[in-house]
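Residue strings, one per chain:
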Amino acid sequence: MRLSKAFQPTLKEVPAEAQIASHRLMLRAGLIRQTASGIYAWLPAGLRVLRNIERIIREEQDAIGAQEVLMPTLQSADLWRRSGRYDAYGPEMLRIQDRHGRDLLYGPTNEEMITDIFGASVKSYKELPKSLYHIQWKFRDEVRPRFGVMRGREFLMKDAYSFDADYAGAVDSYRRMMLSYLRIFQRLGVRAVPMVADTGPIGGDLSHEFLVLAPTGESEVFFDAALEQQDWLGRPVDCDSSESLAQFFSAVTDHYAATDEKHNEAEWASVPEERKRTGRGIEVGHIFYFGTKYTQSMGIEVSGPDGAPFNPHMGSYGIGVSRLTGAIIEASHDDAGIIWPASVAPYRAAILNLRQGDETCDAICDRIYATDPENLLYDDRSERAGVKFNDADLMGHPWQIIVGPRGAKEGKVELKHRVSGERFELPVEEALAKIGEG
C-alpha cells in the first residue's frame, strides 16, 4: 500500500477520552474510530491486525481438529428460555423484537445456539467427540464502557464448544484446547500465562484464564517463571493420546500461577525465590468445562452404546480477538508508539522515501515495494523526514526501510528494527532478506 493513497488518518494530539496507552495509540495511529459509546469502526490498518490474529487462531484451532462454523449475531429468546438464562442474564443483554413481536437478542455468548445446532444433528455417541468454533461479533451493554477496545460494548470473539460422551473425553478436549491457546498466544508474540479460575457451582479445577502481562492489567498476578520458559510450539503433543495430553497438562499446571483472587500464600511460598514473578495481567482468553449444564437444561440427548440416551458433556473456550489487539499494544509500546510483534503487524515493514522526487531514491523504493506490495507500506508522501519517522514509529511497523539520497547512490538502504532500535546499512537484497527472517 502506498501511504499517499491509504486511508490512514493519524492524529498528532492525544485524544482526551483515551485513558490508557492502547486506546490512545489505536486512535492516534488510525486503527479505530469511535461511532458510539463502547462501539468502534475498524479502519484498514486496524482491520489488518484483526485479520492476522484471526488467521493464527484459525490455524491453531484447525490443528487440534476443531471445525469452524459461523453463527448469527441475533438469537431467538426462546433458546435462552430453554436454558433458563433469558430472565437471569441481566441488563447487559440487548433485547429487541422483530416486526412480528418475536423476542430476539444480540448475542453476548453462544452456548444455547451451538447446543441447539448440535442437538438437531448429532444423535449417537459414535459421532462424538465434536469441537466447533466461530469468530463473531458480540454485544454486552456495559454500564461504563471504557479503555477503548479493552472494555467495549461490541467486541469480536472466538468461541469454541466441545461435546463429549463422558467426563474423561471432556478432559481431553479441555487439555487439547489449552495446548491450542498456548500455541496461539506464543505465535501472537505475547506472554499469556494460564491461571486457575473460578468454576462456579460446577466445581472442579477445569477453568483457566489466560492473562497477557502488562502494567495496566486489571488483575495482579503471581506465577512461576518456569512457565515463561516453555516452548509450546516446539513441545510434541499427540492430541489423540490421553496420556500425552495429560503429560502436557501437568507440565503447565504443576507450576504456580494465580491472580490476586485465587492467590494462595502457602503454595506461593513453595516457589523458589529466583523463579517468583509478579505483575499485572489482562485477561484475553478463558477455557471452561461445564458438564451437562446446557445439554440437560435444553433436553439434548444422544444414544449410548447400550441404546440408552444421555446428555453429552460440554466445554466452552473463548478468546477476545478485538481485546487482544489492545492487550498486545498495552504489553508492547513505548513513548513513540506501538511496537507490533511481526506476526500481527498490519505491514511487515514501512519504506520511508526521504527524498521524494529524487530519481535514485524513487527507483530503489519502487523496486523494494514491488517485491511485496501487499505487506509493505510505502511512505511516498511529500512530507518532511521527521514526519515520516514519527508516523512509522507510531504505527509500529516491525521494520523501517529508510531510503536517503546518500545511501541510494551506493545501492544501500538503512534498516531500523522497531523493537531493538538497531540500525543497519545494507544493500537492498540483504535488507529484504533480513526482513524476511522476522
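My aim in this report is to walk through the structure given alongside it, one point at a time. These numbers were taken from a predicted model, which means no experiment stands behind them. Residue positions are given per chain, counting from 1 as you read along its sequence in written order. Given that this is a predicted model, residues contribute local features only at a pLDDT of at least 70 and side-chain atom pairs are listed and counted only at 80 or more, while totals for whole chains, interfaces and linings are drawn from all residues. Note: side-chain values were computed over all heavy atoms of the structure, leaving out hydrogens and water.

Describing the side chain of Arg323
1) Next: The helix count covers DSSP runs of H or I at least four residues long, the strand count covers runs of E at least two residues long, and both are numbered beginning at the N terminus. Tracing the chain through its elements places Arg323 in helix H9 (residues 321-331).
2) Next: Only protein chains enter the calculation, and the probe is 1.4 Å; a residue is then buried if its accessible area is under 20% of its type maximum, exposed if over 50%, and partly exposed in between. With relative accessibility at 18%, the residue Arg323 sits in the buried group.
3) Next: Of the polar contacts made by the side chain of Arg323, one reaches the side chain of Glu218; its length is 2.7 Å.
4) Next: Pairs of residues are marked as contacts when any of their non-hydrogen atoms sit within 4.5 Å. Apart from residues lying up to four places away in sequence, Arg323 is in contact with Val149, Met150, Arg151, Glu218, Ile282 and Glu283. Each polar contact in these results corresponds to two N or O atoms within 3.5 Å; when the atoms are within protein, one needs to be able to donate a hydrogen and the other to accept it, and residues that are neighboring in sequence are counted only if both atoms are side-chain atoms.

Comments concerning the sheet that holds strand E22 (residues 412-417)
1) Next: When DSSP finds two or more bridges between a pair of strands, those strands are recorded as paired. Within the open sheet, the five strands sit side by side as E20-E19-E21-E22-E23. Their pairing is mixed. Looking at the sheet topology across the chains shown, the edges are occupied by strand E20 (376-379) and strand E23 (423-427). Shown here is a sheet whose adjacent strand axes are inclined to one another by a mean of 25°, direction ignored.
2) Next: The pairing of strand E19 (residues 349-353) with E20 spans four bridges and is parallel. If you follow Leu352 over to E20, its bridge partner there is Asp379.
3) Next: All axes are obtained by fitting lines to C-alpha atoms, using only the stretch in contact for helices, and the reported angles, taken between N-to-C directions, cover 0 to 180 degrees. Taken strand by strand, helix H10 (residues 359-371) contacts E19, E20, strand E21 (399-403) and E22, and its axis lies near 160° from that of E20.
4) Next: Packing of helix H13 (residues 428-436) onto the sheet brings it into contact with E19, E21, E22 and E23, and relative to E23 it is tilted by some 130°.

Focus: the sheet that holds strand E5 (residues 94-97)
1) Next: Reading across from one edge, E4-E6-E5 is the order of the three strands in this open sheet, with antiparallel pairing throughout. Two strands in the sheet have a free side with no partner beyond their single neighbour: strand E4 (74-76) and E5. With strand direction ignored, the average angle separating the axes of adjacent strands in the sheet is 35°.
2) Next: Bridging between E4 and strand E6 (residues 103-106) involves three bridges; their strand directions are antiparallel. The residue bridging Gln75 from the neighbouring strand is Leu105, located in E6.

Some thoughts on the packing of aromatic side chains
1) Next: A pair of aromatic rings is counted whenever rings of Phe, Tyr or Trp (Trp by its six-membered ring) have centres within 6.5 Å, and the orientation is called stacked for planes under 30 degrees apart, edge-to-face for over 60 and tilted otherwise. With the rule as written, the count across this model stands at 16 aromatic pairs.
2) Next: When the ring of Tyr181 is compared with that of Phe185, the centres are 6.2 Å apart and the planes differ by 90°; the resulting orientation is edge-to-face. Taken together, the residues Tyr181 and Phe185, both in helix H5 (residues 167-187) and four residues apart, mark about one turn of the helix. The residues Tyr181 and Phe185 share a single accessibility class, namely buried.
3) Next: Judged by centre distance (6.4 Å) and plane angle (50°), the ring pair of Trp399 and Phe424 falls under tilted.

Regarding the pattern of salt bridges
Close approach of charged atoms allows side chains with opposite charge to pair.
1) Next: In what follows, salt bridge is the name for a side-chain nitrogen of Lys or Arg lying within 4 Å of a carboxyl oxygen of Asp or Glu. All chains considered together, the criterion is met by 31 salt bridges.
2) Next: In this structure, Arg367 and Glu429 form a salt bridge, with 2.9 Å as the shortest nitrogen-oxygen distance. On the criterion of sequence distance, the pair formed by Arg367 in helix H10 and Glu429 in helix H13 is long-range, its members being 62 residues apart.
3) Next: We classify Arg367 as partly exposed; its relative accessible area is 44%.
4) Next: Between Arg406 and Glu425 there is a salt bridge whose closest N-O contact spans 3.0 Å. Here the residue Arg406 occupies a position in helix H12 (residues 405-409), and Glu425 occupies one in strand E23, the gap between them amounting to 19 residues.
5) Next: Residue class for Arg406 comes out exposed when judged on its relative accessible area of 54%.
6) Next: Residues participating in the shared-partner salt-bridge network are Arg51, Glu54, Arg58 and Glu68.

Digging into helix H1 (residues 21-28)
1) Next: With seven of eight residues buried, H1 is to be regarded as a mostly interior element.
2) Next: Within the sequence span of H1, burial applies to Ala21, Ser22, His23, Leu25, Met26, Leu27 and Arg28.
3) Next: Next to the buried residues of H1 lie strand E1 (32-36), strand E2 (39-42), H9, strand E17 (333-334), strand E18 (337-338) and helix H11 (385-395).

Digging into the packing of helix H2 (residues 44-63) against H9
1) Next: Running from amino to carboxyl end, H2 crosses H9 at an angle of 110°, the nearest separation of the two axes being 10 Å. It follows from the interaxial angle that H2 and H9 lie roughly perpendicular. For H2 against H9, the interelement crossing comes out right-handed. Counted together, Val49, Leu50, Ile53, Glu54 and Ile57 of H2 and Val321, Ser322, Leu324, Thr325 and Ile328 of H9 form the full contact between these two elements. Roughly parallel means an angle under 35 degrees; roughly antiparallel, over 145; roughly perpendicular, 65 to 115; everything else is oblique. Put simply, a crossing is left-handed when the front helix is turned counterclockwise from the back one by less than a right angle, and right-handed when it is turned clockwise.

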